[in-house]
Amino acid sequence: MIHFNELKHGNHVMVRNEDTWMEGVVHHINPDDGGQVEVTTGVQTNWYSIPEIESIPLSEQQLLRFGFEKEVMESGNMKFKHGAFRVLAGPTKLFTDFLMWYREEKSHITYPMTVHQFQNRYEAMVKIPLE
């Protein structure tokens, strides 16, 4: 389950619209009235409560959509580059045990990271939103 306090403007999430889950982007966050989040999908913009919002697992496809370039290393590891920001993932545990760094700041992630968590960590390190 996603936590309300983790969400920021520009985060990519999944929302439940009737019985269908759709990917969307957070536009506004309203902490009043139990917490509502305005999300725009390719179809509509609507307000959702936390039980109607899910995180998206981080994947190679998601990084490529954000403009990262992929480089396969001789070791089989994969390096994803976005400016001076780097992600180094092994061939088997892609996004459950990997390194990410920007200049001298490094993080070793040892859990299944989600897209919105990655976006927030990227912004904390680079000081620019990843949208």
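Residues numbered from 1 in each chain as written. Predicted model: local features only at pLDDT ≥ 70, side-chain atom pairs only at ≥ 80, totals over all residues. Heavy atoms only, no water.

## Digging into the overall build of the protein chain
Thought 1: In terms of regular secondary structure, the protein chain is built from two helices and ten strands.
Thought 2: Relative to the 2.2 N^0.38 estimate, which gives 14 Å for 131 residues, the radius of gyration of the protein chain is 16 Å and therefore close to what a compact globule would have.
Thought 3: By residue count, 37% of the 131 residues in the protein chain fall in the buried class.
Thought 4: When contacts within the protein chain are restricted to residue pairs at least 6 apart in sequence, those whose partners lie at least 24 apart make up 37%.
Thought 5: For the protein chain, the exposed surface amounts to about 7500 Å²; the carbon and sulfur share of it is 49%.
Thought 6: Charge centroids of the protein chain, computed over 12 positive and 18 negative side chains, lie 11 Å from each other. (Helix = DSSP H or I, 4+ residues; strand = E, 2+ residues; numbered from the N terminus. Rg over C-alpha atoms; globule rule 2.2 N^0.38 Å. Buried < 20%, exposed > 50% of the residue type's maximum accessible area, 1.4 Å probe, protein only. Contact = heavy atoms within 4.5 Å. Areas by Shrake-Rupley, 256 points an atom, 1.4 Å probe, with all protein chains shown as cover. Lys, Arg positive; Asp, Glu negative; His and termini not counted. Charge placed at Lys NZ, Arg CZ, Asp CG, Glu CD.)

## Some words on the environment of Phe4
Thought 1: On the secondary structure map, Phe4 appears in the segment before strand S1 (12-17).
Thought 2: Through-space distance from the C-alpha of Phe4 to that of Gln117 is 12 Å; in sequence the pair is 113 residues apart.
Thought 3: Those residues in contact with Phe4, other than ones at most four positions away along the chain, are Ile29, Asn30, Pro31, Gly35, Gln36, Val37 and Ile50.

## A word on the sheet that holds strand S4 (residues 45-49)
Thought 1: Here five strands make up an open sheet; going across it, the order is S4-S3-S2-S1-S5 and the pairing antiparallel. Looking at strand neighbours, the two that pair on one side only are S4 and strand S5 (53-54), the edges of this open sheet.
Thought 2: Sheet analysis places S1 next to strand S2 (residues 20-30), joined by six bridges and oriented antiparallel. Paired with Asn17 across the two strands is Thr20, which belongs to S2. (Pairing = 2+ DSSP bridges.)

## Considering empty space enclosed by the protein
Thought 1: A complete count under the given rule lists one cavity of 30 Å³ or more for this structure.
Thought 2: Volume-wise, the largest cavity comes out at about 40 Å³.
Thought 3: Counted by class, the lining of the largest cavity contains two nonpolar, five polar and three charged residues. (1 Å grid on protein atoms, 1.4 Å probe; cavity = no way out; pocket = protein on both sides within 12 Å on 5 of 7 lines; lining within 4 Å. Points joined across faces, edges and corners; volume = space filled by probe spheres on them. Nonpolar A, V, L, I, M, F, W, Y, C, P; charged D, E, K, R; others polar.)

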